[in-house]
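Residues per chain, in single letters:
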Amino acid sequence: MDESGEGNMPAELNETNCVPSDCKVEKAGIDEAYIREALARLLSDPNFHASDRNRRFLRFTVEETLAGRGDRVKSYSIAIDVFGRGEDFDGSSDPIVRIEAARLRAALTAYYAGPGSDASIRITMPKGGYVPFFEARPGDRPAEPPETPPSAPQAPEPKQPQHPFAIMGRWKGLAVVAALIAAVAVGAYLFLQPPAASQKPLLIVDPVAVAPGDPVRTQMALGLSQSLMMAMTRFQGIRVVYAPDDARRQVIEDRLAVEGDRRSLYVLDSSLREDGGSIRFWWRLSDVRRGETVWSDAIDRSVADGTMIPIEDEIARDVATRIGEPTGLVTTRETHIEMVLPTSGYGCVLRARAYYMAISEILHRDVRACLEATVAADATYADAWSMLAFVYLDEDRNGFNRIGTAQESATRALQAAERAVALAPESETALEALMDVNHRLGNFEVADRAGRRAIEINPNNPELLAELGIRIFARGRWDEGAEMVRRAAERSMVLPPLNRFTLAFDHYRKDEFDEALTEAKQIQLPQFYGTHLVLAAIYGKLGRQAEAQAAVARLLELRPDYAAEMRDDFRSRHYTDALIDMLADGLRQAGLAVQ
């Protein structure tokens, strides 16, 4: 069976999962109007992380099914009507429909496991076909259909591709807060009876496979293998080893077993095919301990004579970023596991990263305690010191669980960052922490030098580019800083919500308030005052008073004295007076009497 779960099936099942007489919505007992409304809500939700063409894919299958044409929902019609293939389309040689269906199913699964968990009607696509299935949550079916079924809006252009795991959906809303608090609740006894500290996962990189007997392709595969290793080793959150053959891989796995090493173990295997002037690079990431395929994909490139090296580097960078970035495949999966059974050590670092995807004062307190216990147990753990620097800084800049004065919090943050760099001078995370703290303290030259050095060490990590861009933007180099954040967003699987503030501010300063609102609505940090601040200013400028007043009310629940604090808050973050004045004007129009 192939990765989509659809290979080696009878043709009638591979094309559709119903016969014409069964492709009726009425059999599900749900009125069509409600299904259309559910589709509209799903496609307009920024937390549904599907590509634009997969949104079109879903809309096509739903509309055809509702129209009684479920028998037409087959790979051939989808390829032509959705993906723009020609009438000579052959599904046996062009797997685009199967591949995109697998991605769409993953996006739907992640959505309904996270931000869409309370949806009254779920739309799914069972494996084995492309006809959608509609399911109403028990007790949630309305008594009467809406009088005017809303039409599905045009799908927004997402900044990042869909992510395969539900945890990324949870990070977009309140559910992650519950998950993290649950993790800490389990960890309440961890500090009474400390668990074994978890360790960074290990990734075994297999050589790129190629058909034997062709020295040219063998050389291309060797070059790609080397490029992949170089790109992956830039990400220091994963330990990477190269296994040139099955025997070497078995030696690695046996040694881990003998030593009782229970860290997560992943394998990256891949293959290369060349046909004339084109190549296809297929890759797969597998979780060895759990016997699961985490993700697989294919990259197609056109190759001219003498241009293979830059293509090798490009492919390696793209694959390494998707696997190794802080919101990438491995860290996301490891965080999901950590939520179920919290650990110390590496587990605390994972939870600290998750905290920044669902920032709140409650989570801050518990993450800080976990990190402090970690460095007390292992004072040489540079990553824990780095994350502790960020967390201490939040005592100062956000007022979270402050111990002593704001200045004392900033001093402890600087000491933690400097300790991390002393332990690991070439650590991208330690240098990022040093940049963040020094920017806060106004040491801009030191901050920029640390940030640029981190990018030199790992140019494949979009987080570093975004973090430097955010600080450059704040200091008034608006176009340069915003462009850096946008480039990072294009390269990242999932854009961290805090990065969207810069994109929203950039649109706001240009009087592009609708675009600013689109970015602000995707921040999804309800326990962070900044979310409501930016929404209030934008709604104020748009003249949407009811929404502006609601945002102001929520802002004041979190920061009761913010009308008096607003200017000092932004100046302490080193934003220019010009931008502060613009935001203050919007807040006043929203009803907040900024001083």
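Everything discussed here concerns the structure shown above.
What counts, and where the lines are drawn
Residues numbered from 1 in each chain as written. Predicted model: local features only at pLDDT ≥ 70, side-chain atom pairs only at ≥ 80, totals over all residues. Heavy atoms only, no water. Pairing = 2+ DSSP bridges. Helix = DSSP H or I, 4+ residues; strand = E, 2+ residues; numbered from the N terminus. Axes fitted to C-alpha atoms, helices over the stretch in contact; angles between N-to-C directions. Buried < 20%, exposed > 50% of the residue type's maximum accessible area, 1.4 Å probe, protein only. Arc of directions from axis to C-beta. Contact = heavy atoms within 4.5 Å. Core = buried A, V, L, I, M, F, W, Y, C linked by side-chain atoms within 4.5 Å. Salt bridge = Lys/Arg side-chain N within 4 Å of Asp/Glu carboxyl O.

K.L.:
I tried to follow the sheet that holds strand 5 (residues 265–275) on my own but got confused; where do I start?
P.N.:
Working definition: the strands of a sheet are paired by backbone hydrogen bonds and lie parallel or antiparallel to each other. An order of 4-3-5-6-7 is seen for the five strands of this open sheet, with the pairing classed as mixed. Of all strands in the sheet, those bounded by a partner on one side alone are strand 4 (239–242) and strand 7 (292–302). Along the sheet, successive strands turn relative to each other by an average axial angle of 20°, direction set aside. As paired elements, strand 3 (residues 202–205) and strand 4 share four bridges and run parallel to each other. If you follow Ile-204 over to strand 4, its bridge partner there is Val-241.

K.L.:
Would you mind going over helix 24 (residues 562–572) with me for this structure?
P.N.:
Given 3.6 residues to a turn, an α-helix orients residues that are three or four positions apart in the same direction. Every buried residue of helix 24 is accounted for by Tyr-562, Ala-563, Met-566, Arg-567, Asp-569 and Phe-570. One side of helix 24 carries all its buried residues, which in axial view fall inside an arc of 165°. Considering only its buried residues, helix 24 is in contact with helix 14 (382–397), helix 20 (500–509), helix 22 (529–542), helix 23 (545–558) and helix 25 (577–590). Looking one or two residues beyond helix 24, the residue adopting positive phi is His-574, at roughly 70°.

K.L.:
Any chance you could explain unusual backbone geometry here in plain terms?
P.N.:
The general pattern is negative phi for most residues beyond glycine and trans for most peptide bonds. A positive phi angle is found at Asp-511, which is not glycine, with a value near 65°. Mapped onto the elements of the fold, Asp-511 is located in the loop between helix 20 and helix 21 (513–521). The exposed category is assigned to Asp-511, whose relative accessible area is 56%.

K.L.:
It is not clear to me how the nonpolar core should be interpreted in this structure. Could you clarify?
P.N.:
One broad rule of soluble globular proteins: the nonpolar side chains tend to lie buried together. Ranked by internal contacts, the top residues of the largest apolar core, which has 88 residues, are Leu-371, Phe-505, Met-566 and Phe-570. Ranked by residue count, the leading element in this core is helix 14, at nine residues. When residues no more than four places from it in sequence are discounted, the contact partners of Leu-371 are Cys-348, Val-349, Ala-352, Ala-384, Met-387, Leu-388 and Val-391. In terms of nonpolar packing, the next biggest core, distinct from the first, is built from 36 residues, Leu-43, Leu-58, Ile-96 and Met-125 among them.

K.L.:
Mind showing me how you'd approach the environment of Gly-328 here?
P.N.:
Checked against the element boundaries, Gly-328 lands in the loop between helix 10 (308–324) and helix 11 (329–340). As for Gly-328 and Ser-492, which are separated by 164 residues in sequence, their C-alpha atoms are 7.9 Å apart.

K.L.:
Any chance you could explain the pattern of salt bridges here in plain terms?
P.N.:
Two side chains that carry opposite charge are able to pair once their charged atoms sit near each other. One pass over the full model with this rule turns up 46 salt bridges. Of the charged contacts in the structure, one is a salt bridge between Asp-506 and Arg-509, with a shortest N-O distance of 2.7 Å. Of the two residues, Asp-506 and Arg-509 are both situated in helix 20; the distance of three residues between them amounts to about one turn of the helix. One exposure class covers both Asp-506 and Arg-509, and it is buried. One salt bridge connects Glu-547 with Arg-544, and the closest N-O pair in it is separated by 2.7 Å. What makes Glu-547 partly exposed here is its relative accessible area of 32%. Each of Arg-53, Glu-100, Arg-103, Asp-297 and Arg-322 takes part in one network of salt bridges that share partners.

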